[in-house]
Amino acid sequence: MRISLSSPVRKTAFLGGGTLVLLAYLTFCTQAFIAYWITRTATVVGFTRAAKIDPLDSYYPEAIGLYYLDEEQSKASQFLEQALRLDRHSARLWLEVATSYRLTQQPDKQRAAVMNALENAPKDIPVEWEAANLFLVAGDNLTGFRLMSDVAAVDPSRRDVAVFTVLRHSGGDAALTLGNLPATTEVRQSLFRLLLRDQKLSAADQVWPALMATSGEVDRPMVFTYFDSLLARHEVARATAVWQSFARRDSEMRKHVANDGLVANGDFETPLLNAGLEWRRHPVDGITLAQQRSIFHGGNTALQLDLNTNRVEDGGLFQLVPVEPNSHYQLSAFLRAEEVACANGLRLSVSDYYTGTNLMISDELLGSFPWRQSTGEFTTGPETQLIKLSFARTPDVGVIRGSLWLDDVHLEKK
């Protein structure tokens, strides 16, 4: 639609109207610029002047209100309420007003302000996060937990802190915390890791079954840490159950569980796990361990130990095996040697893990010999529940050099 400006009256009206619009725009820009210029020094005086110059901008009374939050909370409430009247749909402003009400001990107003913030930004995670903390500080755990649960479920960056917050406000009660958090692997794993870190091991024991009831991927190093904590508490039966339940849900871990006898990975066909109820290794100067495929007894792999040291201890390799008290066991292994020279040779050894009591020790492994089977039998004591299978050297005196191969290690109850 075209507007004809052919008559002088219409031209005058159009130009006048345009001029008024331009003047209004320039006035607005000038106000905003002056207000900005005044607030460059970020003082209360500057922001107060800016608020008078530009009374429709909520930014200036909000800034003044936030300044007074630490000093004069009643003034803070006044200015924040003023800002809120200019922008009633700002969830951020509602939360800031709620904070000022908390500091001035106005719980009803605080709750109403927080609810308004949530209404204006439903399912907004930062808003739910702030609101949850305000509810928890006010003692409304039920509402705070519900909001923290939403945060933990969808925000990985806040998940650990959200879980910690729920745990703290639950008084450290693991069962109550679980009941107020999402039943996901990620959230329960966060809680479990937190309890392990803080050495709340009995609480971690409560969370473990709940974690195993989920279907997501569980962090292996975390499980290894928990397993070792159980062994440190002499909870061998529970540690064994943890190991088995973890293996059932993790296909890779199933390769490291004993399935023929009691020794896991006794044929060394799988890379050493260095954890749990599998072979563990640790650095020993002068001893090199390697799984290699050029020389083996059965399958395709054997473990080779190259020795050039005067310290042996356990040869840098051992495995922990749960056993029953007052029971008889038989151990067998195939060994090969090449130019092993020393005054006291290595021996296969079985000992009680907790007491160190020697239960069985093989003949010395000296010189050079082809693959041969080494066997031995032992009986556990009335308190024995975990044994250590390793190499030993008694007495540990003098240099030992040469190479040994170990394969097809087997332990069974007789």
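These remarks concern the structure in this document. In this text the structure is predicted, and so the values were computed from the model without any measurement.

As for the nonpolar core
Moving on, step 1. The biggest cluster of nonpolar side chains holds 70 residues, and the ones touching the most others in it are F192, W208 and Y226.
Moving on, step 2. If we skip the residues at most four places from it in the chain, Y226 touches F192, L196, A204, D205, W208, R233, R238 and V242.
Moving on, step 3. Counting residues in hydrophobic clusters, the runner-up holds 37 residues, among them V312, L335, F391 and L404.

Notes on helix 6 (residues 107-120)
Moving on, step 1. Taking 1.5 Å per residue, 14 residues should reach 20 Å; helix 6 reaches 20 Å between its end C-alpha atoms and fits that length.
Moving on, step 2. Along helix 6, the positions that sit buried rather than exposed are Q110, A113, V114, A117 and L118. Down the axis of helix 6, the smallest arc covering the buried residues is 140°, so these residues share one side. Exposed residues on helix 6 whose side chains face more than 90 degrees from its buried face are D108 and E119.

Concerning the pattern of salt bridges
Moving on, step 1. Applying the stated criterion across every chain, the model contains 16 salt bridges.
Moving on, step 2. Measuring nitrogen to oxygen at the nearest pair gives 2.5 Å for the salt bridge that ties R111 to D140. Placement of the pair is R111 in helix 6 and D140 in the loop between helix 7 (125-137) and helix 8 (141-154), with a sequence separation of 29 residues.
Moving on, step 3. Across the pair R197 and D198 runs a salt bridge, and its minimum N-O distance is 3.0 Å.
Moving on, step 4. Judged by relative accessible area, D198 falls into the partly exposed class, the value being 31%.

Comments concerning the packing of aromatic side chains
Moving on, step 1. One pass over the full model with this rule turns up ten aromatic pairs.
Moving on, step 2. When the ring of Y68 is compared with that of F79, the centres are 6.0 Å apart and the planes differ by 20°; the resulting orientation is stacked. With a gap of eleven residues between them, Y68 in helix 3 (residues 59-68) and F79 in helix 4 (residues 73-86) connect regions that are remote in the sequence.
Moving on, step 3. With a centroid separation of 5.6 Å and an interplanar angle of 45°, the aromatic rings of F192 and W208 are classed as tilted. On the criterion of sequence distance, the pair formed by F192 in helix 11 (residues 185-197) and W208 in helix 12 (residues 201-212) is long-range, its members being 16 residues apart.

Considerations on the sheet that holds strand 1 (residues 280-281)
Moving on, step 1. Read from one edge to the other, the open sheet built from five strands follows the order 1-4-9-6-7, with strand pairing classed as antiparallel. Each edge of the open sheet carries a strand with a single partner, namely strand 1 and strand 7 (358-361).
Moving on, step 2. Where strand 1 and strand 4 (residues 317-322) come together, two bridges link them in antiparallel fashion. Each residue of the ladder has a partner; that of R281, found in strand 4, is L317.

Details of helix 14 (residues 236-249)
Three- or four-residue spacings in an α-helix give side chains the same orientation, since the helix completes a turn every 3.6 residues.
Moving on, step 1. The first and last C-alpha atoms of helix 14 sit 20 Å apart over 14 residues, in line with the 20 Å expected at 1.5 Å per residue.
Moving on, step 2. For helix 14, every residue scored as buried is listed here: V236, A239, T240, V242, W243, S245, F246 and A247.
Moving on, step 3. Where the residues of helix 14 are buried, they touch helix 12, helix 13 (220-232), strand 4 and strand 9 (386-392).

The rules behind the values
- Residues numbered from 1 in each chain as written.
- Predicted model: local features only at pLDDT ≥ 70, side-chain atom pairs only at ≥ 80, totals over all residues.
- Heavy atoms only, no water.
- Core = buried A, V, L, I, M, F, W, Y, C linked by side-chain atoms within 4.5 Å.
- Buried < 20%, exposed > 50% of the residue type's maximum accessible area, 1.4 Å probe, protein only.
- Contact = heavy atoms within 4.5 Å.
- Helix = DSSP H or I, 4+ residues; strand = E, 2+ residues; numbered from the N terminus.
- Expected span 1.5 Å × (residues − 1).
- Arc of directions from axis to C-beta.
- Salt bridge = Lys/Arg side-chain N within 4 Å of Asp/Glu carboxyl O.
- Phe/Tyr/Trp six-rings, centres within 6.5 Å; stacked < 30°, edge-to-face > 60°.
- Pairing = 2+ DSSP bridges.

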